[in-house]
2 protein chains.
Amino acid sequence: MDLLKKKILEEGRVIGDGVLKVDGFLNHQIDVDLVYKMGESIYEHFKYKGVTKILTIEASGIGLACMAALFFKCKVLYAKKSATTNLGNSDLYTSHAYSFTHQTQNTVLISKKYLDKSENVLIIDDFLAHGEATNALIDLVNQAGAKLAGVSVAIEKGFQGGGDKIRESGIDLYSLAVIDKMNETDGVTFRKM
Amino acid sequence: MDLLKKKILEEGRVIGDGVLKVDGFLNHQIDVDLVYKMGESIYEHFKYKGVTKILTIEASGIGLACMAALFFKCKVLYAKKSATTNLGNSDLYTSHAYSFTHQTQNTVLISKKYLDKSENVLIIDDFLAHGEATNALIDLVNQAGAKLAGVSVAIEKGFQGGGDKIRESGIDLYSLAVIDKMNETDGVTFRKM
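Everything numeric here is computed off the predicted structure, so don't read it as measured data.

Undergrad: Can you help me understand the packing of helix α2 (residues 32-46) of chain A against helix α3 (residues 62-72) of chain A in this one?
TA: For any two helices packed against each other, one specifies the crossing angle of their axes together with the interaxial distance. Residues and elements named next belong to chain A. At a closest axis distance of 8 Å, the pairing of α2 and α3 adopts a crossing angle of 55°. Judged on the interaxial angle alone, α3 and α2 are oblique. As α2 packs across α3, the resulting crossing turns out to be right-handed. Contacts from Val-32, Val-35, Tyr-36, Met-38, Gly-39, Glu-40, Ile-42, Tyr-43 and Phe-46 of α2 reach α3 at Gly-63, Leu-64, Met-67, Ala-68, Leu-70, Phe-71 and Phe-72. In terms of residue class, the contact of α2 with α3 is made up of 13 nonpolar, two polar and one charged.

Listed below in structure tokens is the structure:
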């Protein structure tokens, strides 16, 4: 999506060789006008897939998920993160995701009440890097017996490989921007799509 | 706001004498259609106040803040919560909020880059109870030297007193639903407005 790529080039900041700061428009301050258009772009890609629910994860996926949901006219469910390894609660589906950014193991959980086999789920998140969080959300969809319509993320760090593994598994993954290379000297290089 | 009150009566669940579960439409699953209309109602109240930025707090304030921002045509800034008491980072404004729900002391922080004295800020959150989180956000606005246009929350637990203290301080507080009494036997009683 050209508008997002332009914003990344103008306002994103590369730190080291793995971190892209987009806190000015995506995951601390939210440029709602931009994120609304990103939601529309996601809708254009998945509009014939019969999406009935959007699943995301707190906190930085919520804005984009809500904007997309306005187009799909469906509800958003956001998974909660917990530092505890197991809540032992029979009313929850839980999975696990390692955060390379924060170097913590997170438990990711949703209430069983809000996802079941009648749903056709679109997973939305802000970033896809190694794929830990996305795969945890896919695992939750599978545990619920729901159908997976696809996955959409704002920014895929292509060089970390999580996205291509998801594509190879046959899932329809739509990333609004895929970064193939980035470092402090040369900045960001997008994948040709 | 009648639509929200109706939803609370239909789908909210009172637990003990202090907890209202609204995870089916507000803070786990989000009924985006409802929350969009809540954002519109907030806009109707504050539309002549010259709001330039909406400040909320992760994670459950983000959805409502984004919907309201569509009407105000402004950006959303969401404060992050951290369990550490002090990050010692000069680029951040930090404040503190005790969570009665989780019985933890949270540090609430924003980047100085995204709030300054040029802004006229509307604070939005899902719940206002004792006022801990809201007052921490007000503190951040004051630290930045920004103007406070007002505060809006989805659900105010009027019986816990935080909202009335904020009103007494002269701040324009607009709560979409104010609960004056609730318990498992009688359910929820709203304040007459």
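Back to the text.
Undergrad: In this structure, what is going on with the layout of surface pockets? I would like to understand it.
TA: Any empty space left between atoms is shown by rolling a water-sized probe over those atoms. Its volume calculated, the second largest pocket comes out at about 150 Å³. In terms of lining residues, the second largest pocket is bounded by Ala-69, Leu-70, Lys-73, Cys-74 and Lys-75 of chain A together with Asp-31, Val-32, Asp-33 and Tyr-36 of chain B. Top contributing element to the lining of the second largest pocket by residue count: helix α2 (residues 32-46) of chain B, with three residues. Residues belonging to the lining of the second largest pocket are distributed by class as follows: five nonpolar, no polar and four charged.

Undergrad: Looking at this structure, how should I read the environment of Ala-144 of chain A?
TA: Residue and element names in this part refer to chain A. Looking at the element boundaries, Ala-144 is found in the loop between α4 (132-143) and β9 (147-157). As a C-alpha pair, Ala-144 and Lys-117 span 27 residues in sequence and 6.1 Å in three-dimensional space. In this structure, Ala-144 is in contact with Tyr-93, Leu-115, Asp-116 and Lys-117, ignoring residues within four places of it in sequence.

Undergrad: It is not clear to me how the side chain of Asn-27 of chain B should be interpreted in this structure. Could you clarify?
TA: Topologically, Asn-27 of chain B is positioned in the loop between β2 (19-21) and β3 (29-30). Taking the relative accessible area as the measure of exposure, Asn-27 of chain B reaches 14% and is therefore buried. Once residues lying within four places of it in the same chain are set aside, the contact partners of Asn-27 of chain B are Tyr-78 and Lys-80 of chain A together with Val-22, Ser-60, Asp-126 and Phe-127 of chain B.

Undergrad: Mind showing me how you'd approach empty space enclosed by the protein here?
TA: All names here are of chain B. Taken as a whole, this structure holds one cavity of 30 Å³ or more when the rule is applied. Each pocket or cavity is described by its volume, and for the largest cavity that value is around 40 Å³. If you go around the largest cavity, the residues you meet are Leu-26, Ile-30, Val-35, Ser-60, Gly-63 and Leu-64.

Undergrad: I'm lost on the nonpolar core in this one. Help?
TA: Across soluble globular proteins, nonpolar side chains show a tendency to be buried alongside one another. Grouped together as the largest cluster of nonpolar side chains are 84 residues, with contacts concentrated most on Ile-54 of chain A together with Ile-54 of chain B. Those residues in contact with Ile-54 of chain B that sit more than four places away from it in its chain are Ala-65, Ala-68, Ala-69, Phe-72, Cys-74, Lys-75, Val-76, Leu-77, Leu-122 and Ile-124 of chain B. Counting 25 residues, the second-largest nonpolar core is a separate cluster that includes Ile-57, Ala-97, Leu-140 and Ile-171 of chain B.

Undergrad: For this particular structure, what's the right way to read the relation of the copies chain B and chain A?
TA: Note on the copies: chain B fits chain A at an RMSD of 0.0 Å, the axial shift is 0.0 Å, and the rotation between them is 180°. Interpreted geometrically, this transformation is the action of a two-fold axis. No C-alpha of chain B lies nearer the rotation axis than that of Ala-59 of chain B, which sits 2.5 Å from it. Taken as a fraction of all interface residues of chain B, those also at the interface in chain A reach 100%, which identifies the copy contact as same-surface.

Undergrad: Sorry, what's going on with the environment of Ile-54 of chain B here?
TA: In this fold, Ile-54 of chain B is placed in strand β4 (residues 53-57). In the structure, Ile-54 of chain B is positioned 12 residues away from Cys-66 of chain B in sequence and 8.5 Å away in space, judged by C-alpha atoms.

Undergrad: Got a minute to help me understand the interface of chain B and chain A in this structure?
TA: Interface size, as often reported, equals the accessible area lost upon joining of the parts. Contact residues are listed per partner, giving 32 residues for chain B and 32 residues for chain A. Here chain B packs against chain A, burying approximately 2,600 Å² in sum over the two surfaces, 61% of which is carbon and sulfur. Contact with chain A buries surface across chain B, with His-28, Gln-29 and Tyr-78 of chain B losing the most and accounting together for 26% of the total. Between chain B and chain A we count zero salt bridges in total. Counting across the interface, chain B meets chain A through 16 residue pairs in polar contact (both at pLDDT 80 or more).

Definitions and cut-offs
Here the residue numbering is sequential within each chain, running from 1 through the sequence in written order. Chains carry letters and ligands carry numbers; both start at the beginning, A for chains and 1 for ligands, and go up in the order they are written. Reporting in this predicted model follows two pLDDT cut-offs: at least 70 for local features of residues, and 80 or more for side-chain atom pairs to be given and counted; totals over whole chains, interfaces and linings ignore these cut-offs and use all residues. The side-chain figures draw on all heavy atoms in the structure; neither hydrogens nor water molecules are used. Orientation is described by lines fitted to C-alpha atoms, with helices fitted over the stretch in contact, and by angles between N-to-C directions that extend from 0 to 180 degrees. By definition, any uninterrupted DSSP run of H or I lasting at least four residues is a helix, any uninterrupted run of E lasting at least two residues is a strand, and each is numbered from the N terminus. For classification, angles of less than 35 degrees are called roughly parallel, those exceeding 145 degrees roughly antiparallel, those between 65 and 115 degrees roughly perpendicular, and all remaining angles oblique. Take the far helix as your reference; a near helix turned counterclockwise from it by less than a right angle gives a left-handed crossing, and one turned clockwise gives a right-handed crossing. By the convention used here, residues are in contact when the closest approach between their heavy atoms is within 4.5 Å. Classification used: nonpolar for Ala, Val, Leu, Ile, Met, Phe, Trp, Tyr, Cys and Pro, charged for Asp, Glu, Lys and Arg, polar for all others including Gly. Computed over the protein atoms alone on a 1 Å grid, cavities are sets of points where a 1.4 Å probe fits but cannot get out and pockets are open sets with protein on both sides within 12 Å along at least five of seven lines; a residue lines them when it has an atom within 4 Å of a point. Grid points are joined across faces, edges and corners, and a volume is the space filled by probe spheres set on the points. Exposed residues in this analysis have more than 50% of their type's maximum accessible area, buried residues have under 20%, and partly exposed residues fall in between, with area computed by a 1.4 Å probe over protein chains only. Here, nonpolar core means buried Ala, Val, Leu, Ile, Met, Phe, Trp, Tyr and Cys residues that are tied together by side-chain atoms lying within 4.5 Å of each other. Least-squares fitting of one copy onto the other uses the C-alpha atoms of those residues that reach a pLDDT of at least 70 in both copies. Buried surface area refers to the total accessible area, computed with a probe of radius 1.4 Å, that the two partners give up upon joining, counted for both partners together. Criterion for a salt bridge: a side-chain nitrogen of Lys or Arg within 4 Å of a carboxyl oxygen of Asp or Glu. Any pair of nitrogen or oxygen atoms within 3.5 Å is treated as a polar contact; in protein, a donor-acceptor pairing is required on top of that, and neighbouring residues in sequence qualify only through side-chain atoms on both sides.

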